[in-house]
Amino acid sequence: MELYPYTVAEEFSSQVAYFSMEFAIDQALKTYSGGLGFLAGSHMRSANDRRQKLIGVGMLWSYGYYDQSRHEDNTLKIDYKRKFYYFLEDTGIKVEVTINSKPVTVKAYLLPAVTFDTAPVIFLTTDCFENDHLSRTICHKLYDANEETRIAQEIVLGIGGVKTLEAMNVDVDIYHMNEGHSLPLVFELMKRYSDLENLKKYVVFTTHTPEMAGNEEHNVKLLYRMGFFNGFSVEDIQKKLDYYDEHFSLTVGALKTSKRANAVSKIHKSVANEMWQDVQGRCEIISITNAQNMRYWADKQLMSWMQEHEDYQLVGRKKHLKYRLFEEVADQTGKLFDPDILTIVWARRFAEYKRPGLLIYDMERFRELVSNRDRPVQIIWAGKPYPLDNRAVHMFNDLIMMSKEFKNVAILTGYELRLSRLLKQGSDLWLNTPRWGREASGTSGMTAGINASIHFSIDDGWHAEFQKDGVNSFTIPHSDPSLPNDEIDRLDYLTMMQKLENTIIPTYYENEKEWLMIAKNAMNDILAYFDSSRMADEYYEKLYF
């Protein structure tokens, strides 16, 4: 089986297997939920661009994450629709894993590198006729709410992935765990490399979650019963890892079984090393800042006019991209937006710490903002809350109900790759409002910025490394992180609104030349450092070897 249609570059000729629970590669392939998948998709594209000998290993979700639609009152409706993919190739390879003491068949499909100009990616599924109904449901939904199903998914990805690569005769030099979901792969490798220090030579790990609650853990006896440890006893694993906690953290397990790990920004490196400082025998955590593939995300015409210093054409192209976005706004909401008006977008995964509602913290002030006829604004929200996170779903629906009051405020559904690209290309200002220290990296602002949408953000994650306030972006200096959350939110809101009302809006309407210069500076700075080709190279140089 020929995996690489390109000549592999000599400096990237070591075989890497990149394991990820989600990949956002194309709108037609619903194997992702949000940022983790967006990152993995860009990594696969840049691995192709850089001619790297890297293969992705993921899961083929029969129903994807979920489909966003609307109830009759316009609120969020969560749908699950079976997906079909005729562009994936059946490898003919089937391997067996043991889950809850029962054999389960794992079938492997290949996304060829030429299909979407990515690295080759193997997609695994248990939804095949060899399995009973319960086993088939393992691969139905990404991040299934049932704890045992989640563990089973991780067994399929980790152990099934290693076995599939072996069946394909792929001689792997480095196994890269993108988050801890694929940790069971190390327990399959333990059967080859009984000495832990020897095993570590082949394993690296990327951590993405800078809050303890977001790092998955399970009762160690449940993991054993489900087959997570691949036949090794609890005592064997505890002794080998020197890890005796009743609740087994996947992140701790990954840090103890990898030769090296990376955080995804410089701030995140500090946060992660502090979070895990008490873990004995863990590997070092370095920093490789996330990035995105601009070949995929950037509007080529917009980039061309920027590089050729054709400002008039750049402004005209941006207005055209706003028209395209506003067609979607009109189609979904019945509201007609104006391409001459400053358009602000907040769009990403809906989670409480990302504070999607910060802009409406003071509703009267918000009404004044969106009712100003001298300096009008248009505001769009979009994103996917986790379907069983009632608080996040309520936040989304509260925004929908609020937006009914205004002709220039829209909440869009269907936040996937296509809509994400429309929003980034059609917005003027990309708003990012996480509580400081909680955003490992964040990458949506990179792909907005490359499309002349200026990033307006808390100084966290990648933005802290990129920002030159008033030169290539607008920055919200963070308040004291030791304060209570309510006070942090109040202070951050006041700082954000002061900059929005006194600097950003006046600049857009009164100094078009300065606005354009900020947008162009951002495009240049993002292209120089935040394209994922740089990231993909750094993984080979700093993490793998």
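Just so it is clear, the structure is predicted and the values come from calculations on it, not from any experiment.

Enquirer: I tried to follow the overall build of the chain on my own but got confused; where do I start?
Expert: A tally of helices and strands in the chain yields 21 helices and 19 strands. Computed over the C-alpha atoms, the radius of gyration of the chain is 23 Å, within 12% of the 24 Å expected from 2.2 N^0.38 for a compact globule of 545 residues. By its C-alpha atoms, the chain is 70 × 50 × 45 Å across when sized along the principal axes. A buried classification covers 63% of the 545 residues belonging to the chain. Sequence separation of 24 or more characterises 73% of the internal contacts of the chain that already satisfy a separation of 6 or more. Roughly 21200 Å² of accessible area belongs to the chain as shown, and the carbon and sulfur atoms make up 47% of that amount.

Enquirer: Just checking my understanding: could you explain the nonpolar core for this structure?
Expert: Within soluble globular proteins, side chains that are nonpolar generally end up buried alongside one another. Formed by 138 residues in total, the largest nonpolar core has its most connected members in F228, F248, F366, W381 and L500. The leading source of residues in this core is helix α4 (residues 147–167), at eight residues. Those residues in contact with L500, other than ones at most four positions away along the chain, are I344, L359, L369, L429, F456, I505 and P506. Grouped together as the second largest cluster of nonpolar side chains are 29 residues, F12, V16, I25 and M535 included.

Enquirer: How do you make sense of the pairing of strand β4 (residues 76–79) when you look at a structure like this?
Expert: Where a strand is regular, its side chains alternate between the two sheet faces. By the bridge criterion, four bridges tie strand β3 (residues 67–70) to β4 in an arrangement that is antiparallel. In the sheet register, R70 faces β4, and the bridge partner there is L76. Connecting β3 to the next strand, β4, in antiparallel fashion are five residues, including N74 with a positive phi near 85°.

Enquirer: Is there a simple way to think about unusual backbone geometry in this case?
Expert: Excluding glycine, residues mostly have negative phi values, and the peptide bonds linking residues are mostly trans. Phi is positive for Y143, which is not a glycine, with a value near 55°. Structurally, Y143 is set in the loop between α3 (133–136) and α4. With phi around 55°, R355 is a residue other than glycine that occupies positive phi space. Topologically, R355 is positioned in the loop between β14 (342–347) and α14 (363–371).

Enquirer: Before we go on, may I ask you to explain helix α9 (residues 250–257) in this structure?
Expert: The periodicity of an α-helix, 3.6 residues per turn, causes residues three or four places apart in sequence to face the same way. Among the eight residues that make up α9, eight are buried, leaving the element largely enclosed by the rest of the structure. All of the buried residues along α9 are L250, T251, V252, G253, A254, L255, K256 and T257. One side-chain oxygen of the residue at the start of α9 lies 3.3 Å from the amide nitrogen of T251, identifying that residue as S249.

Enquirer: What exactly am I supposed to notice about the sheet that holds strand β1 (residues 16–20) here?
Expert: Consider a sheet: its strands pair through backbone hydrogen bonds, and that pairing is either parallel or antiparallel. The mixed open sheet is built from nine strands, whose spatial order is β5-β6-β7-β2-β1-β8-β9-β12-β13. Two strands bound the open sheet, and with one partner strand each, they are β5 (89–99) and β13 (285–287). Here the strands of the sheet are splayed against their neighbours by 25° on average, with no regard to which way each runs. Bridge count for β1 against strand β8 (residues 174–178) is five bridges, and the pairing is parallel. Looking across to β8, one finds that F19 is bridged to M177. Against the sheet, α9 makes contact with β8, β9 (203–206), β12 (260–263) and β13, and its axis sits at roughly 140° relative to β9, the strand it touches most.

Enquirer: Could you clarify how one ought to interpret the sheet that holds strand β17 (residues 429–432) in this entry?
Expert: Taken together, the six strands give an open sheet; going across it, the order is β16-β15-β14-β17-β18-β19, and neighbouring strands pair in parallel fashion. Each having just a single partner strand, β16 (409–412) and β19 (474–476) make up the two edges of the open sheet. Direction aside, the axes of adjacent strands within the sheet are offset by 20° on average. The strands touched by helix α15 (residues 390–403) are β15 (377–382) and β16; relative to β16, the strand with the most contacts, the crossing angle is about 145°. Along the sheet, helix α19 (residues 485–510) contacts β14, β15, β17, β18 (454–458) and β19; its crossing angle with β19, the most-contacted strand, is approximately 165°.

Enquirer: Help me out: how do you make sense of the side chain of R260 in this one?
Expert: Within the secondary structure, R260 is located in strand β12. At 3.3 Å, the side chain of R260 and the side chain of E284 are in polar contact. At 2.7 Å, the side chain of R260 forms a polar contact with the backbone oxygen of L543. Residues within four places of R260 in sequence aside, it is in contact with V203, V204, F205, C283, E284, I286, K542, L543, Y544 and F545.

Enquirer: Can you walk me through the pairing of strand β6 (residues 102–111) in this structure?
Expert: For β6, the tally of buried residues reaches seven of ten residues, placing the bulk of the element in the interior. Note that β5 and β6 share eight bridges and pair antiparallel. The partner of V95 across the bridge, within β6, is V106. Where β5 folds back onto β6 in an antiparallel hairpin, the turn is made up of two residues, including N100, whose phi is positive at roughly 55°.

Enquirer: When you look at the environment of G470 in this model, what are you seeing that I'm missing?
Expert: Tracing the backbone through its elements, the reader meets G470 in the loop between α18 (461–466) and β19. The residues contacting G470, other than those within four sequence positions of it, are E514 and I518.

Enquirer: Any chance you could explain the packing of helix α13 (residues 311–333) against helix α16 (residues 417–426) here in plain terms?
Expert: When two helices pack together, their arrangement is given by the angle between the helix axes and the distance between those axes. The geometry of α13 relative to α16 is characterised by a closest axis approach of 8 Å and an angle of 135° between their N-to-C directions. Looking at the two axes, α13 sits oblique to α16. Where α13 crosses over α16, the handedness of that crossing is left-handed. Contacts from K318, L321, K322, R324, L325 and E328 of α13 reach α16 at R418, L419, L422, L423, K424, Q425 and G426.

Enquirer: What is the right way to read the state of the cysteines from this model?
Expert: Disulfide: a covalent bond connecting the sulfur atoms of a pair of cysteines. Tallying each qualifying case throughout the model produces zero disulfides. The thiol sulfur of C128 is not disulfide-bonded, and the nearest other cysteine sulfur, from C139, lies at 8.5 Å.

Enquirer: Which parts of the structure should I look at to understand the pattern of salt bridges?
Expert: Under the definition given, this model contains 34 salt bridges. With a shortest N-O distance of 2.8 Å, D49 and R295 are connected by a salt bridge. A residue pair is termed long-range when its members are at least 10 positions apart, and D49 in helix α1 (residues 35–49) and R295 in helix α11 (residues 294–297) qualify at 246 residues. A relative accessible area of 31% means that D49 is categorised as partly exposed. Taking the relative accessible area as the measure of exposure, R295 reaches 33% and is therefore partly exposed. Residue E166 pairs with R192 through a salt bridge whose shortest N-O separation is 3.4 Å. Taken together, the positions of E166 in helix α4 and R192 in the loop between α5 (184–189) and α6 (196–200) put the pair 26 residues apart, joining distant regions of the chain. Bridged by salt links that share partners, the residues E352, R355, R391, R435, D489 and D492 form one connected network.

Here is what the cut-offs are and how they apply
- Residues numbered from 1 in each chain as written.
- Predicted model: local features only at pLDDT ≥ 70, side-chain atom pairs only at ≥ 80, totals over all residues.
- Heavy atoms only, no water.
- Helix = DSSP H or I, 4+ residues; strand = E, 2+ residues; numbered from the N terminus.
- Rg over C-alpha atoms; globule rule 2.2 N^0.38 Å.
- Buried < 20%, exposed > 50% of the residue type's maximum accessible area, 1.4 Å probe, protein only.
- Contact = heavy atoms within 4.5 Å.
- Areas by Shrake-Rupley, 256 points an atom, 1.4 Å probe, with all protein chains shown as cover.
- Core = buried A, V, L, I, M, F, W, Y, C linked by side-chain atoms within 4.5 Å.
- Pairing = 2+ DSSP bridges.
- Polar contact = N/O pair within 3.5 Å; in protein donor to acceptor, adjacent residues only side chain to side chain.
- Axes fitted to C-alpha atoms, helices over the stretch in contact; angles between N-to-C directions.
- Parallel < 35°, antiparallel > 145°, perpendicular 65-115°, else oblique.
- Left-handed = near helix turned anticlockwise from the far one by under 90°.
- Disulfide = S-S within 2.5 Å.
- Salt bridge = Lys/Arg side-chain N within 4 Å of Asp/Glu carboxyl O.

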